[in-house]
Amino acid sequence: MQNPFGNNNNNDNQNPFNLNNLPLPPNYAKIVNDQGDIRIAKVGFSWTTLWFGPLPALFRADYYNFILMIVLDIDYALVVMFFGLNNLLQFPWPSIFFGFFYNMMYFRHLFNKGYRPADQRSRELLTRARYWKE
């Protein structure tokens, strides 16, 4: 398969299901644990979290961050309604906050579970974004 992203990550193996040679966009990192489970996720701003709130965490089976987002969203709404600042509910402040930080939270939670960068490109990307510390 030819790499459409132009980052010299061409798949030399003819097996289309080989994830070790999967061409990735330049802002995606691949991490792996000792059992060989591979996770691929974006580094940087999470547009899906901005638009869909905690649903991307649920679809990634990241229940810890999903519950955290739900609780903080409900807390935000209750505080706003308690102080009578209902105009603040019209603007999605929690979604903007989590849009900036969710991908970092996801990676760091996986690093605590024993995941590590799968290749040198992912290691450099995660180190440059300050998600991974050597």
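In this report, the structure presented in the accompanying data block is examined.

About the cut-offs
Residues numbered from 1 in each chain as written. Predicted model: local features only at pLDDT ≥ 70, side-chain atom pairs only at ≥ 80, totals over all residues. Heavy atoms only, no water. Helix = DSSP H or I, 4+ residues; strand = E, 2+ residues; numbered from the N terminus. Expected span 1.5 Å × (residues − 1). Buried < 20%, exposed > 50% of the residue type's maximum accessible area, 1.4 Å probe, protein only. Arc of directions from axis to C-beta. Contact = heavy atoms within 4.5 Å. Pairing = 2+ DSSP bridges. Axes fitted to C-alpha atoms, helices over the stretch in contact; angles between N-to-C directions. Core = buried A, V, L, I, M, F, W, Y, C linked by side-chain atoms within 4.5 Å. Salt bridge = Lys/Arg side-chain N within 4 Å of Asp/Glu carboxyl O.

This next bit is on helix α3 (residues 63–82). For α3, built from 20 residues, the straight-helix expectation of 28 Å at 1.5 Å per residue is met to within 8% by its first-to-last C-alpha distance of 28 Å. Those residues of α3 that fall on the buried side of the exposure criterion are N65, F66, M69 and V80. Along the axis of α3, the buried positions cluster into a sector of 105°, meaning they face one direction only. Turned more than 90 degrees from where α3 packs its buried face, Y64 and F82 sit exposed. The elements touched by buried residues of α3 are α1 (47–52), α2 (55–59) and α4 (93–112). Phi for G84, located one or two positions after α3, is positive at around 70°.

This part is about the sheet that holds strand β3 (residues 116–117). If you walk across this open sheet you meet the 3 strands as β2-β1-β3, and the pairing is antiparallel. Edge positions in the open sheet fall to β2 (38–42) and β3, since each of these has one partner strand only. Direction of pairing for strand β1 (residues 28–32) relative to β2: antiparallel, over a ladder of 5 bridges. Note on β2: the bridge partner recorded for K30 is I40. Packing against the sheet, α4 makes contact with β1, β2 and β3, and its axis sits at approximately 160° to β2.

As a further point, take unusual backbone geometry. The phi dihedral of A61 is positive, around 60°, even though this residue is not glycine. With respect to the element layout, A61 can be found in the loop between α2 and α3. In this structure, R130 is a non-glycine residue whose phi angle is positive, near 65°. Residue placement: R130 occurs in the segment after α5 (120–128).

Buried residues of α5: S122, L125 and L126, and no others. Buried residues along α5 cover an arc of 95° about the axis, so they all sit on one side. Positioned one or two residues after α5, R130 has a phi angle of 65°, which is positive.

With that out of the way, let us pick up the nonpolar core. Across soluble globular proteins, you tend to see nonpolar side chains buried next to one another. Core analysis: the biggest nonpolar cluster contains 19 residues, and A29, I31, V43, F107, F111 and L126 have the highest contact counts within it. Elements with a contribution of two residues or more to this core: β1, α3, α4 and α5. In terms of residue count, α4 provides more of this core than any other element does, 7 residues in total. Sequence-distant contacts of L126, that is, excluding residues within four places in its chain, are made with A29, I31, V43, F107, F111, P117, Y131 and W132.

On to the pattern of salt bridges. Considering all chains together, one arrives at 1 salt bridge under this definition. For the salt bridge of R116 with D34, the shortest nitrogen-to-oxygen distance reads 3.1 Å. One end of the pair, R116, is in strand β3; the other, D34, is in the loop between β1 and β2, with 82 residues separating them in the sequence. A residue is classified by how much of its surface remains accessible, and R116, at 34% relative accessible area, is partly exposed.

By themselves, these observations are geometric and do not establish any function.
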